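An overview of the molecular structure
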Amino acid sequence: MTPTRSLDPPARDVSPTVLVEALLLRHDPVEGFAYRRLITTLSGRARPDDTARRLALPAGHDEGHLVHSTSWRATDDGKIVLTYLIHPDPAPCLPGTPLPAPHAIARSPRPGHPTPPDLNPHHVAAHAVRHLAFLSRTDPAVAAHLASREGTRDALDSLPGVPAGQLNQVQGVQKGAPEAAPRSAEESLRAPLTHGAL
């Protein structure tokens, strides 16, 4: 029997580099949302949650900030990026990047290729803010964190508080489809999530 050769590339023993990205969110009643972006390499056996806290917060034991994992992605050079949202920004006096359109969604036009071709930090930050809007309606701990921050809470209430798989109906992407009735928080948690939009 003639031996066959695998067309797959040889397996590598080297694990990909993992980066931890922290998006430090702030909200101004006039200027809207803005964020700062910090990023570092995950080292050794460090936990990503702990790395995000050390990266973004001046005191590791700080319990006054929300720290939540919002997404992950692969870069063109083979790295894995784990994104965390930190709220509120512990240093709001530092320059931030405005986020004027948190509704903006990066989509892939091809269902078999889920990564949006034009993905940039603005899309990642917008996704994180929409994720926070979802959690503000479905997670009691997040709702309690936002309870005393009326301006931020009101701004989040203006965003779709649903998983990515339901945004088509919220934004009317499916032309001709009847408008879906709003779902309760319990129904939203039971609904399937769809990938390919960030």
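Here, every reference points to the structure presented above.
Residues numbered from 1 in each chain as written. Predicted model: local features only at pLDDT ≥ 70, side-chain atom pairs only at ≥ 80, totals over all residues. Heavy atoms only, no water.

**Some points on the nonpolar core**
Counting 21 residues, the largest nonpolar core has Phe33, Leu99, Val129, Leu132 and Leu156 as its most contacted members. Elements represented by at least two residues in this core include exactly β1 (18-28), β2 (32-41), α2 (121-138), α3 (140-146) and α4 (150-157). The leading source of residues in this core is α2, at nine residues. Excluding residues within four positions of it along the chain, Val129 makes contact with Leu25, Phe33, Leu99, Pro102, Leu156 and Leu159. Membership of the second largest hydrophobic core comes to nine residues, among which are Ala22, Leu24, Ala52 and Leu57. (Core = buried A, V, L, I, M, F, W, Y, C linked by side-chain atoms within 4.5 Å. Buried < 20%, exposed > 50% of the residue type's maximum accessible area, 1.4 Å probe, protein only. Helix = DSSP H or I, 4+ residues; strand = E, 2+ residues; numbered from the N terminus. Contact = heavy atoms within 4.5 Å.)

**Quick look at the side chain of Thr152**
Position of Thr152 relative to the elements: it lies in helix α4. Overall, Thr152 belongs to the buried group, its relative accessible area being 8%. When near neighbours in sequence (up to four residues on either side) are disregarded, Thr152 contacts His27, Phe33, His87 and Leu146.

**Let's talk about the pattern of salt bridges**
Where side chains of opposite charge bring their charged atoms close, a pairing between them can arise. All chains considered together, the criterion is met by eight salt bridges. Residues Arg53 and Glu63 are paired through a salt bridge, measuring 3.9 Å at the closest nitrogen-oxygen approach. Here Arg53 is found in helix α1 (residues 48-56), whereas its partner Glu63 is found in the loop between α1 and β3 (66-74), with 10 residues between them in sequence. Several salt bridges converge on common partners, so that one network encompasses Glu21, Arg37 and Arg73. (Salt bridge = Lys/Arg side-chain N within 4 Å of Asp/Glu carboxyl O.)

**Examining the sheet that holds β3**
The strand order β3-β4-β1-β2-β5 describes an open sheet built from five strands, whose pairing is mixed. With one partner strand each, in any of the chains shown, β3 and β5 (97-98) form the two edges of the open sheet. Taken together, the seven bridges between β1 and strand β4 (residues 80-87) define a ladder with parallel strand orientation. In the strand pairing of β4, Val20 is matched with Leu82. With respect to the sheet, α2 is in contact with β1, β2, β3 and β4, its orientation differing from that of β3 by roughly 135 degrees. (Pairing = 2+ DSSP bridges. Axes fitted to C-alpha atoms, helices over the stretch in contact; angles between N-to-C directions.)

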